[in-house]
Amino acid sequence: RQPKANTAMALREAQSALDELRLTVDSMADVGGDVGTVLGTLRHRLLKRFEGAGLSLRWEVDQLPQMASLTPATVRNLQLLMQECFSNIIQHARATEVTVRAYSEGESVIVAVTDNGTGFDMAATTGGRGLGSMRARASQMQGSLVVASMLGAGTSLQLRLSIGELNREPGQ
């Protein structure tokens, strides 16, 4: 029995490492400032994890303006922030549904993630590096991160990124 358990764990770790490598390669691709492409690729890469955890994923991504500041480093920070968010949901939230929304608001792109999980007491949160890591990544992207949660009411995360120099069509 032990060898099968070790083999299963090794396979999960190998798959996780392969997913991580694929995301790293994805972050180096020129996405032309398109946050929607970054999010769509991340969704594609992580969908099996959601399904394996029994989570229903609602995806509501509007047509977004191009972001001049969407460098490979920014893409990688966005991927890692979202990956940490999803990992926290899968490991801790006991959620059945996750909604990802992305839309523009003024001079910002907003990426919002909500779950219907157990939530947590923000004042009592100790240990772990997840929230601190996500806030640091948001800061590295010149963005802001707001996390709200209440016991029994799920958790929401809102990442606000500045569009920067807009790449809009004339007349917009």
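Quick note: structure is the one above.
These numbers were taken from a predicted model, which means no experiment stands behind them.

K.L.:
Please give an account of the overall build of the protein chain that cites residues and values.
P.N.:
Within the protein chain, the regular secondary structure consists of four helices and five strands. Reading the secondary structure of the protein chain in the N-to-C direction produces α-α-β-α-β-β-α-β-β. Here the protein chain holds 172 residues, and 35% of them are scored as buried. Across the protein chain, every contact between residues at least 6 apart in sequence was considered, and the portion connecting residues at least 24 apart equals 71%. Summed over all atoms, the accessible surface of the protein chain reaches about 10000 Å², with 51% contributed by carbon and sulfur.

K.L.:
Run through the packing of aromatic side chains, naming residues and quoting values.
P.N.:
Inspection of every chain in the model, using the stated rule, returns one aromatic pair. Ring centres of Phe50 and Phe86 lie 5.0 Å apart, and the angle between their planes is 75°; this geometry places the pair in the edge-to-face category. On the criterion of sequence distance, the pair formed by Phe50 in helix α2 (residues 35-52) and Phe86 in helix α3 (residues 72-93) is long-range, its members being 36 residues apart. Of the residues examined, Phe86 reaches a relative accessible area of 4% and is grouped as buried.

K.L.:
An account of the sheet that holds strand β3 (residues 108-115) is needed here, citing residue identities and associated values.
P.N.:
Strand order across the open sheet formed by five strands is β1-β2-β3-β5-β4, with mixed pairing between neighbours. On the outer flanks of this sheet lie β1 (56-61) and β4 (144-149), each paired with one strand and no other. Taken pair by pair, the neighbouring strands of this sheet meet at an average axis angle of 10°, ignoring direction. Summarising the sheet, strand β2 (residues 97-105) and β3 pair through eight bridges and their orientation is antiparallel. By the bridge assignment, Glu105 is partnered in β3 with Ser108. Along the sheet, α3 contacts β2, β3 and β5 (155-162); its crossing angle with β3, the most-contacted strand, is approximately 15°.

K.L.:
How would you explain the pairing of β4 if you had to name every residue and give the values?
P.N.:
Covered by surrounding structure in β4 are Leu145, Val147 and Ser149 only, the residues Ser144, Val146 and Ala148 on the alternate face being uncovered. Here six bridges tie β4 to β5, and the two strands are oriented antiparallel to one another. The residue of β5 that forms the bridge with Ser144 is Arg160. The hairpin turn running from β4 into β5, its antiparallel successor, is five residues long, and Gly152 in that turn takes a positive phi close to 80°.

K.L.:
Which residues make up the side chain of Ser108, and what values go with them?
P.N.:
As for its position among the elements, Ser108 is in strand β3. Under the relative-accessibility criterion, Ser108 is labelled buried at 12%. If we skip the residues at most four places from it in the chain, Ser108 touches Tyr103, Arg160, Leu161, Ser162 and Ile163.

K.L.:
Tell me about the nonpolar core, and please be specific about residues and values.
P.N.:
Met82, Phe86, Ile89, Val113 and Leu159 are the most contacted members of the largest nonpolar core, which has 37 residues in total. Counting residues per element, the ones that place at least two in this core are α2, α3, β2, β3, α4 (130-140), β4 and β5. With eight residues, the single largest contributor to this core is α3. Excluding anything up to four places from it in sequence, Met82 contacts Leu39, Leu42, Val111 and Val113.

K.L.:
Provide a residue-level description of the environment of Val100, including the pertinent values.
P.N.:
If you trace the backbone, Val100 turns up in strand β2. Exposure remark for Val100: the relative accessible area of 0% places this residue in the buried category. Expressed as a C-alpha distance, the spacing of Val100 and Glu60, which sit 40 residues apart in the sequence, is 6.0 Å. Setting aside residues up to four positions removed in sequence, Val100 forms contacts with Leu57, Arg58, Trp59, Glu60, Phe86, Ala112 and Val113.

About the criteria used
- Just so you know, the residues in each chain are numbered from 1, in the order the chain's sequence is written.
- Only residues with pLDDT of at least 70 get local features here, since the model is predicted, and only at 80 or more are side-chain atom pairs given and counted; chain-wide, interface and lining totals rely on the full set of residues.
- Calculation of side-chain values draws on the structure's entire complement of heavy atoms; hydrogens and water are dropped beforehand.
- Under the DSSP-based scheme used, a helix requires at least four consecutive residues in state H or I and a strand at least two consecutive residues in state E, with every element numbered from the N terminus.
- Note on classification: 1.4 Å probe, protein chains only; a residue is buried when its accessible area is under 20% of the maximum for its type, exposed when over 50%, partly exposed between these limits.
- Contacts are assigned to residue pairs that have any heavy atoms within 4.5 Å of one another.
- Note on areas: Shrake-Rupley, 1.4 Å probe, and residue coverage restricted to the protein chains presented here.
- Paired rings are identified among Phe, Tyr and Trp, the last through its six-membered ring, by centres lying within 6.5 Å, and are further divided according to the angle between planes into stacked (under 30 degrees), edge-to-face (over 60) and tilted (the rest).
- By the convention used here, strands pair only if DSSP detects at least 2 bridges between them.
- Helix axes use the C-alpha atoms of the stretch in contact, all axes being lines fitted to C-alpha atoms, and the angles between their N-to-C directions lie in the range 0 to 180 degrees.
- To define a nonpolar core, start from buried Ala, Val, Leu, Ile, Met, Phe, Trp, Tyr and Cys residues and group those joined through side-chain atoms within 4.5 Å.

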